[in-house]
Amino acid sequence: MNKAAFYDLDGTLLSCNLVTEYAYYARNDRSLTKSVYQLAKVVLWVPLFLGLDLCSRRLFNTFLFAGYRGMHRDRLIGLADDLFEVTLKPSIFPKAQALINTTRDLGYRNVLVTGTLDFTIRPIALHFGFEEVICNRLEFRNHIANGHFLPPLVAENEKARRIREYAREENIDLAESCAFSDSSADVPMLSAVGYPVATNPTRRLRRVALQKNWPILELRETSSNFPPFLRAAKAL
Amino acid sequence: MKSRTAWQWDPVRGEYQAGQPAPAQGTGEISAVSAFADKTVLLLGGTGFVGKVLLALVLDRFPELKHLVVQVRRKKTMSGEQRFYSDILQSPPLRPTVARVGGENVVRRKVQIVEGDLDQPLCGISPRDIDMLKGKVDIVVNLAGVVDFDPPVNESFETNVYGTQHVIELVRLLNARLVHVSTSYVAGKKNGLVREDVPIEGYFPMRDMQDGRQFSVEKELEWYQRFIAERRNNGSTNSRNTREHLRKAGMDRAESWGWTNTYTYTKSMGEQLIAGTPGLTCAIVRPAIVESSLRFPFAGWNEGFTTSAPLVLMGGQGVKGWPVRDGPLEIIPVDLAAAGILIVTAAVLCGKNKPVYHLASADTNPIALPRLVAFLGMNARYKHKRKRSGNRLANLLKAYVETKVITIKSLQTRRARLHRGLDVIHAMLTLGKTVLGPGKVDPYIKSLRDKRRQIRQQEITVDKFLPFMFHNSFIFETRNIREAAGMLTNEDLKRLQWDPETIDWADYWVNIHTKGIEKWIRPAFPVKG
């Protein structure tokens, strides 16, 4: 049987999040006036987004993706490389690439499981060298986003379900697989594998990790060590 | 990178559809596998952009291939065979394929090289090779041609017209069948749906005007012979002037009949020669504008400077106004074009072919030109935000000023304004030169001259593409190739895909085509500025 390493993205491998990604597209609309309007909307909504994220990741995603309403898919795809270079690449944590390389070298199949949108993911996945991606998609009508997402939303329990489905289809042994995430919303995803790692954890996830005896990894610090199961396997 | 999803992008409706598409099913009336396993194919023009991909596709997808003969022109000191193994097989599209199929030895077992040149009688193949090919070659696939839009008329005639005559002679001598690759744009200056069943012989685009003119290849050849003889008698010794005169003569003649350029005019004559040859079993394949590969041998392979590459590179340089109409651009990725040619070859071998096949995309999945202009603009933004050379303010403006669709009138106004501005700068520099002396001002004058030359070059390039972007709106009917693909066996359909209706144009243009041009074309044709 094969084994896989499942990675969350925002907050885990880089410090950006869905809001900064959305803000980039908003401020790069077709004309200056549209950009200003969209950006003002984002700024006004930030407290709402923060509050929603604390309550429910699902609700947060639903509201955030509604902001894309009216945007042309061509533009979202066409600006993705620029978004990556301007916003995402500089926010990659120092040890993120090393971790991904390590799991690949140890024979794990690297899979990105994220709530981020498909067009944003492409340059990131290519940069890190992910083989497979499980992510969210917007709903479009005649190439224009209508503010909805395509179900099921990749978040919380759905991430764990997609991982199990992936494991079944690809003959992956989940007991031998590992997962990395920063958020307590991903506890189901982390619990689905044999080797969960709380990566740059939020306060809530840190508490859970300590309770469950999960290793804690800080990719923000170059001096932090990888969890023992990766080091031991590498030593072998 | 694979994205796991239950949703499939429908590029025509512009929305996602649930579920995966069912695998294509064929009726099995045509079997490419058995056609290629039993027959010998002679490939002419296998060293060009489409030819290399076709060669790679045959080697990769049809290990059963019995025998392939490839005609290669020698180059000065390099024989055709040396050129094939040291040059063609080492090219980016073929190198990975050759490795995948088991290396050069496997290729040597299946492929035979004959030297030749389309401009010569019997395509320049030696009598010894002709004897060897007689009774052996089942089908000739001719991809050779001069594809420049406006070359000197003699270059185009020698290859696209007389060259086709040589191919016909060869095919008749070998008692073989023929697949001749032409271009969809032989339709000339037309609008709307261009059907595949329009009679070929005597065709000229202005025929519908019923001005009493008749078109015949014989008469055109007489005109050409007369014109060349006159040129010889009154020829200028200045080779640059001669070339320009020959170029203009071809374009004028083409336009007088309603063709867009010398290329489409001479290609149409090649087709008419084939259609007028009695007893020839043949099919004419007409690809639209052939662009970067979609999947095979890898996404983004491109070669040469004759497709939309100049426009993409100019867009990257920051050209902000594009005169395009709100219609589709007829493009087809090179791997789909190669697959289409192979499907037609199999159809001809199985005796199930139609006379003409368009290989195009717009009748099933059109990409509107204004969308492409938006892509050019986003590429310009990406590049100018990262540009470290040149004026920073100019780069910033080029990055953030939106690229727009403009009218022809607006294009002309912009051009006139630009040239007036350059004239004023030139006058000021000339004045400065008299006051300050040449030492300080000459470098600026030289730089201005270079800039003017560059702008003029851009204008010429845009003008060349105007028939395809602005003046005419083509949609080429592709019923015949869809029918032929539907007649393949299910095994064939796993190996050859004809599916332009599934192309996600945004992903193709942004992530495949533009990046392919930046990677493969820009280094070979560095553009200043």
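The rules behind each value
Residues numbered from 1 in each chain as written. Chains lettered and ligands numbered in written order. Predicted model: local features only at pLDDT ≥ 70, side-chain atom pairs only at ≥ 80, totals over all residues. Heavy atoms only, no water. Helix = DSSP H or I, 4+ residues; strand = E, 2+ residues; numbered from the N terminus. Rg over C-alpha atoms; globule rule 2.2 N^0.38 Å. Buried < 20%, exposed > 50% of the residue type's maximum accessible area, 1.4 Å probe, protein only. Contact = heavy atoms within 4.5 Å. Pairing = 2+ DSSP bridges. Axes fitted to C-alpha atoms, helices over the stretch in contact; angles between N-to-C directions. Expected span 1.5 Å × (residues − 1). Buried area = accessible area lost by both parts, 1.4 Å probe. Salt bridge = Lys/Arg side-chain N within 4 Å of Asp/Glu carboxyl O. Polar contact = N/O pair within 3.5 Å; in protein donor to acceptor, adjacent residues only side chain to side chain. Nonpolar A, V, L, I, M, F, W, Y, C, P; charged D, E, K, R; others polar. Parallel < 35°, antiparallel > 145°, perpendicular 65-115°, else oblique. Core = buried A, V, L, I, M, F, W, Y, C linked by side-chain atoms within 4.5 Å.

Draft legend 1. The arrangement of the overall build of chain B in detail. Assigned secondary structure in chain B consists of 19 helices and 16 strands. Taken over C-alpha atoms, the radius of gyration comes to 25 Å for chain B, in line with the 24 Å a tight globule of 529 residues would show. Put simply, chain B has 529 residues, and 54% of those count as buried. Within chain B, counting contacts between residues at least 6 apart in sequence, those at least 24 apart form 82% of the total.

Draft legend 2. Just the sheet that holds strand β1 (residues 2-3) of chain B, in detail. Ordered by their spatial adjacency, seven strands build an open sheet running β8(A)-β7(A)-β6(A)-β1(A)-β2(A)-β3(A)-β1(B), and the pairing between neighbours is parallel. Two strands bound the open sheet, and with one partner strand each, they are β8 (216-217) of chain A together with β1 of chain B. When strand β1 (residues 3-7) of chain A meets strand β6 (residues 178-181) of chain A, the two strands line up parallel, connected through three bridges. Each residue of the ladder has a partner; that of Tyr7 of chain A, found in β6 of chain A, is Phe180 of chain A. Packed onto the sheet, helix α6 (residues 96-105) of chain A meets β1, β2 (108-117), β6 and β8 of chain A and runs at close to 140° relative to β2 of chain A. Sheet contacts for helix α8 (residues 157-170) of chain A: β1, β2 and β3 (132-136) of chain A; angle to β2 of chain A, the most-contacted strand, approximately 145°.

Draft legend 3. Just helix α9 (residues 239-257) of chain B, in detail. All names here are of chain B. With 19 residues, α9 should reach 27 Å at 1.5 Å per residue; the first-to-last C-alpha distance of 28 Å fits that figure. Among the residues of α9, those classed as buried are Thr242, Leu246, Ala249, Gly250, Met251, Ala254 and Trp257. Against α7 (153-174), α8 (217-234) and α10 (262-275) lie the buried residues of α9. Following α9 by one or two positions, Gly258 adopts a phi angle in the positive range, close to 100°.

Draft legend 4. Summary view of the environment of Leu106 of chain A. Residue and element names in this part refer to chain A. Considering the arrangement of structural elements, one finds Leu106 in the loop between α6 and β2. Take Leu106: its relative accessible area is 17%, and that puts it in the buried class. Along the sequence, Leu106 and Arg231 sit 125 residues apart, while their C-alpha atoms lie 9.9 Å from each other.

Draft legend 5. Seen up close, the pairing of strand β10 (residues 282-287) of chain B. All names here are of chain B. Within β10, six of the six residues are buried, which leaves it mostly tucked inside the rest of the structure. Residues of β10 alternate between two faces, with Cys282, Ile284 and Arg286 on one and Ala283, Val285 and Pro287 on the opposite face, all of them buried. As judged from the four bridges shared by strand β8 (residues 177-181) and β10, these two strands associate in the parallel manner. Within the sheet, the bridge partner assigned to His180 lies in β10 and is Ile284. With four bridges connecting them, β10 and strand β14 (residues 356-359) associate as parallel partners. Paired with Ile284 across the strands is Val356, a residue of β14.

Draft legend 6. Examining the sheet that holds strand β7 (residues 139-142) of chain B more closely. All names here are of chain B. Strand order across the open sheet formed by seven strands is β6-β5-β4-β7-β8-β10-β14, with parallel pairing between neighbours. Edge positions in the sheet fall to β6 (111-115) and β14, since each of these pairs with one other strand and no more. Across the sheet, the axes of successive neighbouring strands diverge by a mean angle of 20°, strand direction being ignored. Two elements, strand β5 (residues 67-72) and β6, share five bridges in a ladder whose sense is parallel. Among the inter-strand pairings, Val70 is bridged to a residue of β6, identified as Ile113.

Draft legend 7. Main features of the environment of Ala347 of chain B. Looking at where Ala347 of chain B falls in the secondary structure, it is placed in helix α12 (residues 334-349). Separated by 156 residues in sequence, Ala347 of chain B and Asn191 of chain B place their C-alpha atoms 30 Å apart.

Draft legend 8. Just helix α2 (residues 49-61) of chain B, in detail. Taking 1.5 Å per residue as the helical rise, α2 of chain B with its 13 residues ought to reach 18 Å, and the 18 Å between its terminal C-alpha atoms agrees with that figure. Listed in full, the buried residues belonging to α2 of chain B are Phe49, Val50, Gly51, Lys52, Val53, Leu54, Leu55, Ala56, Leu57, Val58 and Leu59 of chain B.

Draft legend 9. Expanded view of the interface of chain B and chain A. Listed per partner, the contact involves 27 residues of chain B and 36 residues of chain A. Across the interface of chain B and chain A, roughly 2900 Å² is buried in total on both sides, 47% from carbon and sulfur atoms. Across the chain B-chain A interface, the total number found is twelve salt bridges. One salt bridge in this structure joins Arg386 of chain B and Asp82 of chain A, with 2.7 Å as the shortest N-O distance. For the pair chain B and chain A, the number of links is 26 residue pairs in polar contact (both at pLDDT 80 or more). If you list the elements that add at least two residues to the side of chain B that touches chain A, you get β1, β2 (7-10), β3 (15-18), α13 (369-386) and α19 (505-521) of chain B. The element contributing the most residues to the side of chain B that touches chain A is α13 of chain B, with seven residues. Residues belonging to the side of chain B that touches chain A are distributed by class as follows: eleven nonpolar, four polar and twelve charged. As paired strands, β3 of chain A and β1 of chain B are joined by two bridges and run parallel to one another.

Draft legend 10. Region of interest: the pattern of salt bridges. Under the definition given, this model contains 58 salt bridges over all chains. With a shortest N-O distance of 3.2 Å, Asp118 of chain A and Arg137 of chain A are connected by a salt bridge. Note that Asp118 of chain A is positioned in helix α7 (residues 118-128) and Arg137 of chain A in the loop between β3 and β4 (138-141), a separation of 19 residues in sequence. Comparing Asp118 of chain A with Arg137 of chain A shows no difference in burial state: the two are buried. Of the charged contacts in the structure, one is a salt bridge between Arg100 of chain B and Asp60 of chain B, with a shortest N-O distance of 2.8 Å. Linking Arg100 of chain B in helix α4 (residues 95-101) with Asp60 of chain B in helix α2, this pair joins segments that are 40 residues apart in sequence. Linked by salt bridges that have partners in common, Arg109, Glu132, Glu169 and Glu170 of chain A together with Lys2 and Arg4 of chain B make up one network.

Draft legend 11. Molecular detail of the packing of helix α15 (residues 408-436) of chain B against helix α16 (residues 438-471) of chain B. Residues and elements named next belong to chain B. Two elements in contact, α15 and α16, have axes separated by 9 Å at closest approach and are oriented at 170°. Our classification of the angle between α15 and α16 gives roughly antiparallel. For the contact of α15 with α16, the per-class residue count stands at 15 nonpolar, four polar and seven charged.

Draft legend 12. Region of interest: the nonpolar core. One finds Leu13, Tyr25 and Tyr68 of chain A together with Leu42, Phe84, Phe157 and Ile341 of chain B to be the most contacted residues of the largest nonpolar core, which totals 216 residues. At 13 residues, α12 of chain B tops the list of elements feeding residues into this core. With residues near it in sequence (within four places) discarded, Leu42 of chain B still touches Val69, Gln71, Val114, Leu133, Val137, Ile139, Val140, Val141, Leu170 and Leu174 of chain B. Leu174, Ala179, Met189 and Leu205 of chain A belong to the second-largest nonpolar core, a separate cluster that totals 21 residues.

Draft legend 13. Representation of the pairing of β2 of chain B. Residues and elements named next belong to chain B. Here β2 pairs with β3 via four bridges, running antiparallel. Residue pairing for β3: Gln8 is matched across the bridge by Gln17. Hairpin connection of β2 to β3: four residues between the antiparallel strands, including Gly14 at a positive phi of 70°.

Draft legend 14. Here's a closer look at the side chain of Asn61 of chain A. All names here are of chain A. Within the fold, Asn61 resides in helix α3 (residues 57-66). Residue classification places Asn61 among the buried residues on the basis of a relative accessible area of 1%. If sequence neighbours within four positions are ignored, Asn61 has contacts with Leu18, Asn136, Leu153, Val154 and Ala155.

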